[in-house]
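# Notes for the structure review
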Amino acid sequence: MSAALSVDIRTFENADALAHDVAEWLCGLAQASDHAFSVNLSGGSTPRRLYERLASPEIAARFPWSRAHWFWGDERFVPPDHPDSNFGMARDAFLSRVPAPKENIHAVVTEGVTPDQAAAAYETTLQRFYGAGTLDPGRPLFDVTLLGIGDDGHTASLFPGQPALKETKRWVVAVIGAKAEARITLTYPALDSSRDLAFLATGEAKKQVVARAEAGDRTIPAGAIRPVGRLHWFTDRAASPE
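Residues numbered from 1 in each chain as written. Predicted model: local features only at pLDDT ≥ 70, side-chain atom pairs only at ≥ 80, totals over all residues. Heavy atoms only, no water.

### Notes on the packing of aromatic side chains
Within the structure shown, the criterion is met by 13 aromatic pairs. Pairing tryptophan 65 with tryptophan 70 gives two aromatic rings, centres 5.9 Å apart and planes at 35 degrees, and the pair type is tilted. Here the aromatic residues Tyr51, Phe63, Trp65, Trp70 and Phe94 are joined through ring pairs into a cluster of three or more. When the ring centre of tyrosine 130 is taken as origin, the NZ or CZ atom of arginine 139, which lies over that ring, is 3.8 Å away. (Phe/Tyr/Trp six-rings, centres within 6.5 Å; stacked < 30°, edge-to-face > 60°. Lys NZ or Arg CZ within 6 Å of the ring centre and 35° of its normal.)

This is the structure in structure tokens:
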């Protein structure tokens, strides 16, 4: 990895401990900020535990909900009430259980549009929030980005061999053909525009792919992530390469 990249690797005893401590970490960053605090969310079972922890009374009472803004790193092209919706999962896990202003929840619109239209609309949403159409490395789009990692090394909906991996201008693109349903995903430029970017991984099945990504293996999508800020790897003991 580049010497300029700040990497923080932490191993937790189990998935519950990871969810507990990372929720505290996220709450601490939000409390310490003095501006609109933007969080880019991931789908999946590991972040769901974290989200549920954010809604627990001991954290929810301290989190600055009024100035936190919520975005998604990728979304399945399904209705928001579909079981596979990343927005729906986050809504059920915490957003519907905390005083998060509705206008601060920036979901990908997946109804009444094509996947390409959904991607273009979400790029506009991000650019309006950011206040510019070009990303400045000195002013990240997100305060925190949360990512998972698949067994094939994909992250968000950046899958091996897909054209989205080579996108350098667009912030959001449609991914069609990689999975049964179309996906909307942020690209590397948008994901990398983060003050703190954290991968969350749990379970023995993730050990080998986490080792490759932590080593900066650019042959898998997760290994090519290079945030402008700090990179974090939060894993449980089973997923830890060490």
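### Comments concerning helix H7 (residues 207-214)
Listed as buried for H7 are Val209, Val210, Ala213 and Glu214. For H7, the arc enclosing every buried residue in end-on projection is 135 degrees, short of the 170-degree limit, so these residues lie on one face. Along its buried surface, H7 packs onto strand S1 (6-12), strand S8 (194-201) and strand S9 (230-236). One or two residues past the end of H7 sits glycine 216, with phi positive at roughly 80 degrees. (Buried < 20%, exposed > 50% of the residue type's maximum accessible area, 1.4 Å probe, protein only. Helix = DSSP H or I, 4+ residues; strand = E, 2+ residues; numbered from the N terminus. Arc of directions from axis to C-beta. Contact = heavy atoms within 4.5 Å.)

### Re the pairing of strand S7 (residues 183-186)
Residues of S7 alternate between two faces, with Arg183 and Thr185 on one and Ile184 and Leu186 on the opposite face, all of them buried. In terms of strand pairing, strand S4 (residues 74-76) meets S7 through three bridges, oriented antiparallel. When the bridges of S7 are listed, glutamate 75 appears paired with isoleucine 184. Pairing analysis gives four bridges linking strand S6 (residues 172-175) to S7, with the strands arranged antiparallel. Residue pairing for S7: valine 173 is matched across the bridge by threonine 185. (Pairing = 2+ DSSP bridges.)

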